[in-house]
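# Structure assessment
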Amino acid sequence: MVSQGAGWDGSVANHSGEALISPSWPLGNRIVVRVTVRDNNVDQALRVLKKKMLAEGMFRDMRRRESYEKPTTQRAREHREAVARELKRQKKAIEKFGF
């Protein structure tokens, strides 16, 4: 349960010491990462936060959103990514089923 208001960067904290990090981009698709700081060990909490953000793909999204991407470039990138996903899926199917 969140009891305090949002900070200037969109992050929210609650009474148990957990930090709820919420990025300030797409309003409809917010990613919330929860990290608990135990025994005032902030360094460990930052390592956990970085690992979770990498797993969620937040760093890649932040890098991609640093500058404007033209719609044609965006469609081309999305198409390349879709082709790569399909090739990866087919490769895994060949390894698993042998055909």
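A quick note: this is a predicted structure, and the numbers were derived from the prediction, not measured. (Residues numbered from 1 in each chain as written. Predicted model: local features only at pLDDT ≥ 70, side-chain atom pairs only at ≥ 80, totals over all residues. Heavy atoms only, no water.)

To continue, consider the pattern of salt bridges. Tallying each qualifying case throughout the model produces 4 salt bridges. Between Arg 77 and Glu 69 there is a salt bridge, with its nearest N and O atoms 2.9 Å apart. Glu 86 is the salt-bridge partner of Arg 89, the closest N and O atoms lying 2.5 Å from each other. Residue Arg 89 and its partner Glu 86 are located together in helix 3 (residues 71-97), separated by 3 residues, close to a single helical turn. Connected via shared salt-bridge partners are Glu 69, Arg 77 and Glu 81. (Salt bridge = Lys/Arg side-chain N within 4 Å of Asp/Glu carboxyl O. Helix = DSSP H or I, 4+ residues; strand = E, 2+ residues; numbered from the N terminus.)

An ideal rise of 1.5 Å per residue puts 39 Å on 27 residues; helix 3 measures up with 39 Å between its terminal C-alpha atoms. One or two residues past the end of helix 3 sits Gly 98, with phi positive at roughly 80 degrees. (Expected span 1.5 Å × (residues − 1).)

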